[in-house]
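Residues per chain, in single letters:
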Amino acid sequence: FALNCASRGCPAIRIYEPDKLEKQLTMATKAFLNSGGVECLPGSRVISLSPIFKWYRTDFGTRDTELLRFITEKLGDSETARHIEELVGANCYKISWQSYDWSLNH
């Protein structure tokens with residue numbers, strides 16, 4: 001989530017420091033997820049994901065459960081993560097893919 005095309009659908013562009021790289025990359029991932037990269041409203045069975053997860057699917061796992069595990073681990077202790085975990089545990093979810101905003105991210 002660090003190198004991207006600078007469109008609005010991409011994660012924010014940031015400057016990274018070598019001695020803080022891992023922490024900064026983790027923060028960038030969490031910020032992307034929390035800014036709309038994943039949406040799952042309480043009471044809904046639909047998990048709406050950025051198409052980045054579809055385009056680079058093998059980076060996150062080949063099965064839906066692997067992808068969603070990556071997302072919940074990065075979200076940490078949050079309402080969204082808990083809701084997704086409940087849906088996956090009950091095997092009652094549907095993944096939908098968000099539209100991608102290709103306009104320039106100023």
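Check the entry above for the structure.
All values derive from a computational prediction rather than experimental measurement.

Visitor: I'm lost on the pairing of strand β2 (residues 46–49) in this one. Help?
Guide: Note on strand geometry: in a regular strand, side chains alternate between the two faces of the sheet. Bridging between strand β1 (residues 38–39) and β2 involves two bridges; their strand directions are antiparallel. Bridging from a neighbouring strand, V38 pairs with L49 of β2. Once β1 ends, the chain turns through six residues before running back antiparallel as β2, passing G43 with a positive phi of about 85°. Relative to strand β3 (residues 94–97), β2 runs parallel, the two sharing four bridges. When the sheet's bridge partners are listed, L49 is paired in β3 with W97.

Visitor: I keep staring at helix α5 (residues 79–90) and nothing clicks. Help me out?
Guide: In an α-helix, one full turn covers 3.6 residues, which means residues spaced three or four apart are oriented alike. Between its terminal C-alpha atoms α5 stretches 17 Å, which fits the 16 Å expected from twelve residues at 1.5 Å a residue. Those residues of α5 that sit buried are A81, H83, I84 and L87. Buried positions in α5, seen along its axis, are confined to an arc of 165° and lie on one side of it. The outward face of α5, more than 90 degrees from its buried face, is lined by the exposed residues E79, E86, G89 and A90. Residues of α5 that are buried make contact with β1, β2 and α4 (64–75). N91 sits one or two positions beyond α5 and adopts a positive phi of about 50°.

Visitor: Could you clarify how one ought to interpret the environment of R69 in this entry?
Guide: With respect to the helices, strands and loops of the structure, R69 is situated in helix α4. Along the backbone, R69 and A81 are twelve residues apart, and their C-alpha atoms lie at a distance of 9.1 Å.

Visitor: Sorry, what's going on with the packing of helix α1 (residues 21–37) against α4 here?
Guide: Helix packing for two helices is described by the angle between their axes and how far apart those axes are. Relative to each other, α1 and α4 sit at 105°, their axes nearing to 9 Å. The orientation of α1 with respect to α4, classified from their angle, is roughly perpendicular. Facing T29, K30, L33 and N34 of α1, the residues of α4 in contact are F70, I71, K74 and L75. For the contact of α1 with α4, a count of residues per class yields four nonpolar, two polar and two charged.

Visitor: Would you mind going over the pattern of salt bridges with me for this structure?
Guide: Proximity of charged atoms lets side chains of opposite charge pair with each other. Inspection of the entire model under this criterion finds four salt bridges. Measuring nitrogen to oxygen at the nearest pair gives 2.6 Å for the salt bridge that ties R57 to D64. A residue is classified by how much of its surface remains accessible, and D64, at 33% relative accessible area, is partly exposed. When the shortest N-O distance is used, the salt bridge between R82 and D77 registers 2.5 Å.

Visitor: Looking at this structure, I do not really get the packing of aromatic side chains. What am I missing?
Guide: The description of an aromatic ring pair rests on the distance of the ring centres and on the angle between the ring planes. Evaluation of the coordinates by the stated rule reveals six aromatic pairs. When the centroid spacing of 6.3 Å and the interplanar angle of 45° are considered together, the rings of F32 and F53 count as tilted. Pair noted here: F32 is in helix α1 and F53 is in helix α2 (residues 52–55), with a separation of 21 residues, a long-range link. Assessed through its relative accessible area of 6%, F32 is described here as buried. One aromatic cluster in this structure is built from F32, F53, F60 and F70.

The rules we used
- Residues numbered from 1 in each chain as written.
- Predicted model: local features only at pLDDT ≥ 70, side-chain atom pairs only at ≥ 80, totals over all residues.
- Heavy atoms only, no water.
- Pairing = 2+ DSSP bridges.
- Helix = DSSP H or I, 4+ residues; strand = E, 2+ residues; numbered from the N terminus.
- Expected span 1.5 Å × (residues − 1).
- Buried < 20%, exposed > 50% of the residue type's maximum accessible area, 1.4 Å probe, protein only.
- Arc of directions from axis to C-beta.
- Contact = heavy atoms within 4.5 Å.
- Axes fitted to C-alpha atoms, helices over the stretch in contact; angles between N-to-C directions.
- Parallel < 35°, antiparallel > 145°, perpendicular 65-115°, else oblique.
- Nonpolar A, V, L, I, M, F, W, Y, C, P; charged D, E, K, R; others polar.
- Salt bridge = Lys/Arg side-chain N within 4 Å of Asp/Glu carboxyl O.
- Phe/Tyr/Trp six-rings, centres within 6.5 Å; stacked < 30°, edge-to-face > 60°.

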